[in-house]
Amino acid sequence: QVQLVESGGGLVQAGGSLRLSCAASGRTFRSNAMGWFRQAPGKEREFVAAFRWGSSSTYYANSVRGRFTISGDNAKNTVYLQMNSLKPEDTAVYYCALDSTFGLLRVGVGDYDYWGQGTQVTVSS
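Within each chain, residues carry numbers counting from 1 in the order of the written sequence. It should be noted that, the model being predicted, local features are given only for residues of pLDDT at least 70 and side-chain atom pairs only at 80 or more, the latter also being counted only at that level, while totals for whole chains, interfaces and linings use all residues. Think of the side-chain values as coming from all heavy atoms in the structure, minus any hydrogens and water.

**Notes on the state of the cysteines**
Note: disulfide means a covalent bond formed between the sulfur atoms of two cysteine side chains.
Then step 1. Note on terminology: pairs of cysteine sulfur atoms within 2.5 Å are recorded as disulfides. Taken as a whole, this structure holds one disulfide when the rule is applied.
Then step 2. Sulfur-sulfur distance for the disulfide between Cys22 and Cys96 comes to 2.0 Å. Judged by the torsion about the S-S bond (-70 degrees), the Cys22/Cys96 disulfide is left-handed. One end of the pair, Cys22, is in strand 3 (residues 18–26); the other, Cys96, is in strand 9 (residues 92–99), and 74 residues separate them in sequence. Put simply, DSSP marks the helices as runs of H or I at least four residues long and the strands as runs of E at least two long, and each gets a number from the N terminus on.

Printed below as a string of structure tokens:
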């Protein structure tokens, strides 16, 4: 089994920054991919960014490209989401997820096998 624990959420003003962390434990492998998703009230969960450990390849949703950066620390088995130039529309619960398959980075909620509990990000205008 895999456990994912997110941290780093909070309240920030528009234009500010936050860094989310996701610590992974259990049966994780360097071929796995990690993703960040978010869900705003009344909306479906949506893809934000993905990262693959082995190649350090990344992929972003258009809405965050250029503002958010996903990265990983192998030694700590932790993935980060650095969020800059935050906007009120970035307000959501942010979830970390793990895709245990190997191949292209994927963006579908159903493509990921394990999920964290989520961390709230609120951006005030």
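**Here's the deal with the pattern of salt bridges**
Then step 1. In the sections that follow, a salt bridge refers to a side-chain nitrogen of Lys or Arg positioned within 4 Å of a carboxyl oxygen of Asp or Glu. Across all of its chains, the model carries five salt bridges by this definition.
Then step 2. A salt bridge links Asp90 to Arg38, with the nearest nitrogen and oxygen atoms 2.9 Å apart. Placement of the pair is Asp90 in the loop between strand 8 (78–83) and strand 9 and Arg38 in strand 4 (residues 33–39), with a sequence separation of 52 residues. Note on accessibility: Asp90 and Arg38 belong to one class, buried.
Then step 3. Here Asp99 ties to Arg106 by a salt bridge, and the two come within 3.0 Å at their closest N and O atoms. A 1.4 Å probe rolled over the protein chains alone gives each residue an accessible area, and that area as a share of the maximum for its type sets the label: buried under 20%, exposed over 50%, partly exposed in between.

**Overview of unusual backbone geometry**
Then step 1. Look at Asn77: it is not a glycine, yet its phi comes out positive at around 50 degrees.
Then step 2. One can find Asn77 in the loop between strand 7 (68–73) and strand 8.
Then step 3. Despite not being glycine, Ser85 has its phi angle at roughly 50 degrees, a positive value.
Then step 4. With respect to the secondary-structure elements, Ser85 resides in the loop between strand 8 and strand 9.

**A closer look at the pairing of strand 8**
Then step 1. For strand 8, the buried fraction is high: five of the six residues fall into the buried class.
Then step 2. Pairing of strand 3 with strand 8, which is carried by six bridges, proceeds in the antiparallel orientation. Residue Cys22 lies in a different strand from strand 8, and its bridge partner there is Val79.
Then step 3. Bridge count for strand 7 against strand 8 is six bridges, and the pairing is antiparallel. Its bridge partner being in strand 8, Asp73 is matched across the sheet by Thr78.
Then step 4. Turn length for the strand 7-strand 8 hairpin, with the two strands adjacent in sequence and antiparallel, is four residues, and the turn residue Asn77 shows positive phi of about 50 degrees. A pair of strands is considered paired only if DSSP assigns at least 2 bridges between the two.

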